Amino acid sequence: MAHKIILDTDPGIDDAMAIFFAFQSPDIELLGLTTVYGNVPVTMAAQNALTLCELAGKNDIPVTKGVGMPWVGEESTYAHFVHGEHGFGHIKPEPPKGELDPRSSAQFIVDMARKYPGEITLVAIGPLGNLALALRLEPELPKLVKGVSIMGGAAFVPGNVTPVAEANIWNDAHAAEIVFAADWDLVMFGLDVTNDVPFAPTFVDVLAEKNPTLGGFVQESAQFYMDFYSQNREDRVCFFHDAFPIAHLRHPELFELTEGHVRVGTGTLDRGQTVVAPKGTTPSPLWNDANTIKVATKVDHSRLEKLFIDTYAL
Ligand code: BDR
Ligand code: CA
């Protein structure tokens, strides 16, 4: 049976790659794209999600606009230096023709969870404000969804925004704290695995060859993204963080996971840090009383790359 998912996203180049991967996956039923600020402001994220749907001919997929500000603190500074002025590298997309679903992202998540109790996996690949707000709107949400898969965090490796924090969690650390503390099955795909798999330019060339429309868009937008990721290293690479949780839903055997108690930092120095204590490794009640999550620690690189290519080729 297909996995019903809602993809919570801030498109974004690797978001686009992940969204197309979901579109192309026969065993994924995508109920909607719920957008959030992050790589770009939320209005742009929502328009970009519509653009991606139109490019793929998926005009029937609902797209919602969600939170545009962190749970606490000032407006974000966004990541145009990674994803480009409009979120897709050097590409300036035509304004989409389609309209947004009028509901907020959080309300859409709650409505769908009530409609399909126990069936939906929330896949969050941006900052976590929409999920935190959905938990406030419907405190029973953890019982209504099947699980939550997140691209974000860095458990046993350094961060990518600060020495300790990954961008999605750093961008809305208070929201992440709420989401990580909720009583649901949460699997975290952080930099532990996503930064461990550099993709060479030939990878996006193959995506474009297999799927000129969707792969071609990823190839073109990824040139800017590769410029960013290739600074200070000899080879030319980029990272497709956001596609990992979807790959895991479809092929869990490609990943190794470990269980641990998690805390999210919300202070000045530890903002967005995801500190994971594997079970039984600390006597501290500060961690042992904290929620348990699963963290991806290893992935089979070559099979993952083949899965992406084969799926774009469908
Ligand atoms: C995450 O941050 C964003 O730049 C990417 O889209 C991804 O979700 C990686 O740290
Ligand atoms: Ca993202």
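Before reading on, note that the structure itself is shown above.
Residues numbered from 1 in each chain as written. Chains lettered and ligands numbered in written order. Predicted model: local features only at pLDDT ≥ 70, side-chain atom pairs only at ≥ 80, totals over all residues. Heavy atoms only, no water.

Break down the overall build of the protein for me, citing the residues and quoting the values.
The helix and strand tally for the protein stands at 14 helices and nine strands. The C-alpha radius of gyration computed for the protein amounts to 18 Å, which stays within 12% of the reference 20 Å derived for 314 residues, consistent with globular compactness. Referenced to the eigenvectors of the C-alpha coordinate spread, the extents of the protein come out at roughly 55 × 45 × 40 Å. Accessible surface, the protein: about 12,900 Å² in total, of which carbon and sulfur atoms supply 52%. Taking the average place of the 22 positive charges on the side chains of the protein and the average place of its 40 negative ones, the gap between the two points comes to 5 Å. (Helix = DSSP H or I, 4+ residues; strand = E, 2+ residues; numbered from the N terminus. Rg over C-alpha atoms; globule rule 2.2 N^0.38 Å. Areas by Shrake-Rupley, 256 points an atom, 1.4 Å probe, with all protein chains shown as cover. Lys, Arg positive; Asp, Glu negative; His and termini not counted. Charge placed at Lys NZ, Arg CZ, Asp CG, Glu CD.)

Describe helix α2 (residues 42-55), with residues and values.
The terminal C-alpha atoms of α2, which comprises 14 residues, lie 20 Å apart, in line with the 20 Å expected from a rise of 1.5 Å per residue. For α2, the set of buried residues is V42, A45, A46, N48, A49, L50, T51, L52 and C53. On its buried side, α2 packs onto α1 (13-24), β2 (28-35), β3 (63-65) and α11 (214-229). Where α2 terminates, the next one or two residues include G57, which has phi positive at roughly 70°. (Expected span 1.5 Å × (residues − 1). Buried < 20%, exposed > 50% of the residue type's maximum accessible area, 1.4 Å probe, protein only. Contact = heavy atoms within 4.5 Å.)

I'd like a rundown of the coordination of the calcium ion (ligand 2), residues and numbers included.
In ideal tetrahedral geometry, four donors around a metal make angles of 109.5 degrees, whereas ideal octahedral geometry with six donors gives angles of 90 or 180 degrees. Within the protein, the calcium ion (ligand 2) binds to D10 (OD), D15 (OD), D15 (OD), I125 (O) and D242 (OD); these donor distances fall in the range 2.3 to 2.6 Å. All donor residues of the calcium ion (ligand 2) come from one chain, and their arrangement in sequence is D-x4-D-x109-I-x116-D. Linking D10 in the loop between β1 (3-9) and α1 with I125 in the loop between β4 (120-124) and α5 (129-137), this pair joins segments that are 115 residues apart in sequence. In this structure, D10 and I125 share a single accessibility class: buried. (Donors = N, O, S within 2.8 Å, 3.2 Å for Na, K, Ca; no water.)

Please provide a residue-by-residue account of the packing of aromatic side chains, values included.
A complete count under the given rule lists 16 aromatic pairs for this structure. When the ring of F21 is compared with that of F308, the centres are 4.9 Å apart and the planes differ by 90°; the resulting orientation is edge-to-face. Remark: F308 occurs in helix α14 (residues 301-313) and F21 occurs in helix α1; sequence separation between them is 287 residues. One exposure class covers both F21 and F308, and it is buried. Relative to F255, the ring of F244 lies with its centre 6.4 Å away and its plane at 70°, an arrangement referred to as edge-to-face. (Phe/Tyr/Trp six-rings, centres within 6.5 Å; stacked < 30°, edge-to-face > 60°.)

Summarise the pairing of strand β6 (residues 186-189); cite the residues concerned and give the values.
Side-chain alternation along β6 places L186 and M188 on one buried face and V187 and F189 on a second face that is also buried. When strand β5 (residues 147-151) meets β6, the two strands line up parallel, connected through four bridges. Counted as the bridge partner of V148 is L186 from β6. (Pairing = 2+ DSSP bridges.)

Can you explain the environment of C238? Please cite residues and give values.
Tracing the backbone through its elements, the reader meets C238 in the loop between α11 and α12 (244-250). Under the relative-accessibility criterion, C238 is labelled buried at 0%. Taking the C-alpha atoms as reference points, C238 and F199, separated by 39 residues in sequence, lie 5.3 Å from one another. When neighbours within four sequence positions are excluded, C238 is seen to be in contact with V197, P198, F199, Y225, M226 and Y229.

Got a sec to walk through the pattern of salt bridges? Specific residues and values, please.
Under the definition given, this model contains 12 salt bridges. One salt bridge connects R303 with D300, and the closest N-O pair in it is separated by 3.9 Å. Looking at D300, the relative accessible area reads 28%, which means it is partly exposed. By sharing partners, the salt bridges in this structure join K4, E29 and E119 into a single network. (Salt bridge = Lys/Arg side-chain N within 4 Å of Asp/Glu carboxyl O.)

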